[in-house]
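Observations on chain architecture
These are the residues of each chain, in order.
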Amino acid sequence: MTDQLQAKQQWLRQVRRAVVKIGSSILSSTSGIDEVRLASLVSELCALHRRGISLVVVTSGAVAAGMARLGKRHRPKSIPERQAAAAVGQIDLMALYKKYASEHGVQVAQILLTHDDLASRRRYLNARHTLEELLAARILPVANENDTVVTDELRNFGDNDNLSALIAGLVEADLLVLLSDVEGVFTTNPVRDPSARLVELIAQPRRPSGIVVEGQGPLGTGGMASKLAAARKAAHAGIPTIIASGLQPGVLLRVFNPSERVGTLVLPRTDRLQRRKHWIAYNLRPAGTITVDRGAFEAVVFRGRSLLPSGIRSVEGKFDAGDCVRCVTETGEEFARGLVNYAASELEQIRGLQSSQIEAVLGYKGTDEAIHRNDLVLTGEFAVSSTPQGG
């Protein structure tokens with residue numbers, strides 16, 4: 001038995017809830033949506049649905065579908081053009097999901113999200129409750145970024161790979177499936193290098209060795225790099241990821257079969273982040289940066305302490321109390337993110353001071369900590385340390 005099959009049998013036997021992301025390169029072509037392929041994938045989704053597996057689909061393809069309707073052969077460059085294409089294409093895309101799912105007696109629901117929906121804690125919880133209600137009603141939610149209103153170059157989340165990882169954490173999925181136009185992760189680009197080998201198992205998603213990844217294709221915004229980044233986010237939430245080709249007939253049934261080798265399995269971390277800390281690390285956009293000295297860095301990373309004003313060397317950006325900020329070393333390397341207890345202007349006044357001096361300088365003292373350990377999460381390479389990540 002291969003390493004992938006052993007790991008798959010360990011992690012996938014009890015899958016009851018999964019998020020499946022379907023990429024633009026699978027559903028779309030220069031002539032519009034590939035209805036035959038979409039019908040086939042929806043049929044497989046419905047078969048898994050009948051088995052009792054709760055599924056959330058994150059679909060790409062709205063912009064590409066709209067391009068065909070608008071007679072455009074190349075992906076629009078301006079934001080208004082892309083938003084118009086998304087608005088036109090989204091209707092076609094959802095109509096087809098509804099059509100093919102109804103043939104199997106399954107109802108679908110459309111979920112459109114922006115980054116702000118998941119960055120706001122209240123809206124994040126509202127989105128979670130809505131999805132939970134739909135899943136409890138045995139409805140198949142089909143999610144996409146709300147491309148018609150975002151203003152961030154139509155990359156509010158970065159891409160739908162990132163969105164799918166965030167939704168997987170949101171609904172506490174047991175598995176994330178990323179379908180693309182390639183079989184999985186290869187050692188090098190298989191189109192250019194005939195000696196490229198499929199990597200069936202990645203046990204350390206933060207440090208995958210011997211892998212070269214490249215950017216996006218003409219119809220999408222994601223590439224293998226974005227899929228690995230999404231897998232890392234999911235891994236931090238304790239969720240395994242399978243990256244496989246959506247061009248292969250029956251791929252989803254094979255993915256959910258513990259005895260089938262398919263694609264690349266990315267194992268999760270055993271020290272999964274508590275949900276609120278995962279939200280801080282991956283859903284929030286930092287409003288500023290705090291540079292700390294060596295002592296504060298070591299206290300946070302190696303001893304699991306809160307960040308005190310005494311360890312702060314400099315403050316960048318304009319932010320208020322409760323905002324998310326990056327914590328970096330004196331060489332500029334990010335090691336954590338957290339929710340600050342003081343505004344930037346206040347931290348500027350108390351940086352380097354003892355907590356006992358805060359009230360004398362500001363006229364009040366909210367807390368001793370600039371960032372409490374319960375609101376602090378390690379990031380990047382430092383997230384693999386033994387520091388407690390719960391709370």
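Going by the structure above, here's the rest.
The rules we used
Residues numbered from 1 in each chain as written. Predicted model: local features only at pLDDT ≥ 70, side-chain atom pairs only at ≥ 80, totals over all residues. Heavy atoms only, no water. Helix = DSSP H or I, 4+ residues; strand = E, 2+ residues; numbered from the N terminus. Buried < 20%, exposed > 50% of the residue type's maximum accessible area, 1.4 Å probe, protein only. Contact = heavy atoms within 4.5 Å. Axes fitted to C-alpha atoms, helices over the stretch in contact; angles between N-to-C directions. Parallel < 35°, antiparallel > 145°, perpendicular 65-115°, else oblique. Nonpolar A, V, L, I, M, F, W, Y, C, P; charged D, E, K, R; others polar. Pairing = 2+ DSSP bridges. Disulfide = S-S within 2.5 Å.

Points about the side chain of H49
- Summarising the element assignment, H49 is placed in helix α3 (residues 35-50).
- Look at H49 and you get buried, because its relative accessible area is 10%.
- Excluding anything up to four places from it in sequence, H49 contacts L55, V106, R138 and I139.

Details of the packing of helix α8 (residues 160-170) against helix α9 (residues 224-236)
- Where α8 meets α9, the axes come as close as 8 Å, and the angle between the chain directions of the two elements is 10°. As far as their axial angle goes, α9 and α8 are roughly parallel. Two secondary-structure elements touch here, α8 through D161, N162, A165 and L166 and α9 through S226, K227, A230, K233 and A234.
- Its residues placed into classes, the contact of α8 with α9 shows four nonpolar, two polar and three charged.

Quick look at unusual backbone geometry
- The backbone of R138 sits at a positive phi, close to 60°, despite the residue not being glycine.
- Along the chain, the position of R138 falls in the loop between α7 (121-136) and β6 (140-145).

A look at the sheet that holds strand β17 (residues 376-378)
- Spatial ordering of the open sheet is given by β14-β13-β15-β16-β17, a layout of five strands whose pairing is mixed. Lying at the two open borders of the sheet, with one neighbouring strand each, are β14 (312-317) and β17. For this sheet the average axis-to-axis angle between neighbouring strands, irrespective of direction, equals 25°.
- Direction of pairing for strand β16 (residues 334-339) relative to β17: antiparallel, over a ladder of three bridges. Paired with G338 across the strands is L376, a residue of β17.
- Sheet strands in contact with helix α11 (residues 275-282) are β15 (324-328), β16 and β17, and its direction is about 115° off that of β16.

Observations concerning the state of the cysteines
- With the rule as written, the count across this model stands at zero disulfides.
- Looking at C324, it has no disulfide partner, and the nearest cysteine sulfur is the one in C327, 8.5 Å off.
- Judged by its relative accessible area of 1%, C327 is buried.

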